[in-house]
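Chain residues, written in single-letter form:
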Amino acid sequence: MAETPMTRVLIFGGKTGWIGGLMADLVKKEDGIECFLAESRIENRADVEAELDKVKPSHVLMSAGITGRPNIDWCEDHKPETIRTNVIGTLNVADLCNMKNIHCTIYATGCIFKYDDEHALGSGVGFTEESFPNFAESFYSETKGYMEQMLKCYPKCMILRVRMPISDDLIHRNFVTKIVKYERVVNIPNSMTVLTEMLPASLAMAKAGLTGVYNFTNPGVISHNQVLDLYKKYIDPTYTYKNFTVEEQAKVIKAGRSNNELDTTKLMRDMPEGVVINDIQTAVDLCFQRMKVNLTEMGWLPDNMPKEFLRN
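First, a word on what this report is: a plain description of the structure on this page.

Here is what the cut-offs are and how they apply
Residues numbered from 1 in each chain as written. Predicted model: local features only at pLDDT ≥ 70, side-chain atom pairs only at ≥ 80, totals over all residues. Heavy atoms only, no water. Helix = DSSP H or I, 4+ residues; strand = E, 2+ residues; numbered from the N terminus. Rg over C-alpha atoms; globule rule 2.2 N^0.38 Å. Buried < 20%, exposed > 50% of the residue type's maximum accessible area, 1.4 Å probe, protein only. Contact = heavy atoms within 4.5 Å. Areas by Shrake-Rupley, 256 points an atom, 1.4 Å probe, with all protein chains shown as cover. Lys, Arg positive; Asp, Glu negative; His and termini not counted. Charge placed at Lys NZ, Arg CZ, Asp CG, Glu CD. Salt bridge = Lys/Arg side-chain N within 4 Å of Asp/Glu carboxyl O. Pairing = 2+ DSSP bridges. Axes fitted to C-alpha atoms, helices over the stretch in contact; angles between N-to-C directions.

This part covers the overall build of the protein. Each helix and strand counted, the protein has 11 helices and 8 strands in total. Rg of the C-alpha trace for the protein: 19 Å, near the compact-globule value of 20 Å for 312 residues, within the 12% margin. Principal axes of the C-alpha set define a box for the protein whose edges measure 55 × 45 × 35 Å. Burial analysis of the protein (312 residues in total) assigns 52% to the buried set. Sequence-distant contacts in the protein: of pairs separated by 6 or more residues, those separated by 24 or more amount to 80%. Carbon and sulfur atoms provide 53% of the accessible area of the protein, an area that totals close to 14300 Å². Measuring between centres, the 35 positive side-chain charges of the protein sit 4 Å from its 41 negative side-chain charges.

So this is what it looks like as structure tokens:
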């Protein structure tokens, strides 16, 4: 059966969300595609259904959800609110899209795994799309882990496992922004998602009608120290950082943090023709090069960085 052409896109999380807003910017640049930013809250099923019936989208992009402020520790103390949005809300969108035969892309998370004996740190053996979640040390990840098992049941749904997203600015949601501000960081290689490359890829995948789970990261791994060393190289040569162990980190956070490598074989195999996805080391280096240009144009560089980014 021929795929439904992408003509009308409804984005949940497009008005206030980070990834949703970036996707809206991409869709608006596409010829012949109308873009709509959802007004309804995903936990209100009747409102979501009414909006779907009104807009009649060919495709839905779903990036709404709760990650907590300033981080996922918030979810530990707000479990009902987390469930209402991240579980009930996400299922509302997926279920209604399935009922109405609408392709639905869900920007999910790959933070549902941790290195184990079969996928050891440094082994190069990553978790595949068939791997069962083995990380539930944060309530956020726990809910995302069992959500994925349910979302896989919907035949019109594409689930993208995003990890530690990186952008070429210093917006507060950027993984780089977060770790630059930390006093100390762990130094563990991880799979990560460079949004400048991966978000256009997600649009191409939705157009192609791909469904099911995808590890949505650049191939390979990069460590916290490698990221911060590139920050020093391109953004602030005076920047310094210190490491601490996972055990030491656990004493200052409420919820555990996921560290893993995801296998991108399926993603690269199914990627529509013409889409360029660099390995993570190359992608992050290029990202910092773009960031340097962007921050220079903003007037932050060479010597006007906000105080929050400066070490005393």
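So, about the pattern of salt bridges. This structure, assessed with the given rule, holds 13 salt bridges. The salt bridge involving Glu148 is made with Arg161; its shortest N-O contact spans 2.6 Å. In this pair, Glu148 sits in helix 5 (residues 139-151) while Arg161 sits in strand 5 (residues 157-162), placing the two residues 13 residues apart along the sequence. Of the residues examined, Glu148 reaches a relative accessible area of 3% and is grouped as buried. Of the residues examined, Arg161 reaches a relative accessible area of 0% and is grouped as buried. One salt-bridge network, in which partners are shared between bridges, spans Glu49, Asp53 and Lys100.

Quick look at the sheet that holds strand 3 (residues 59-62) now. Taken together, 6 strands build an open sheet; the order of strands is 2-1-3-4-5-7 and the sheet is parallel. Two strands lie at the open edges of the sheet, namely strand 2 (34-37) and strand 7 (212-215), each paired on one side alone. Ignoring strand direction, the axes of neighbouring strands in this sheet form an average angle of 20 degrees. One ladder, built from 4 bridges, connects strand 3 with strand 4 (residues 103-109); its direction is parallel. Residue pairing across strands places Leu61 opposite Thr105, the latter belonging to strand 4. The strands that helix 2 (residues 45-55) touches are strand 1 (8-12), strand 2 and strand 3; relative to strand 1, the one it contacts most, it runs at about 160 degrees. The sheet strands contacting helix 5 are strand 4, strand 5 and strand 7, and the helix crosses strand 5 at an angle near 150 degrees.

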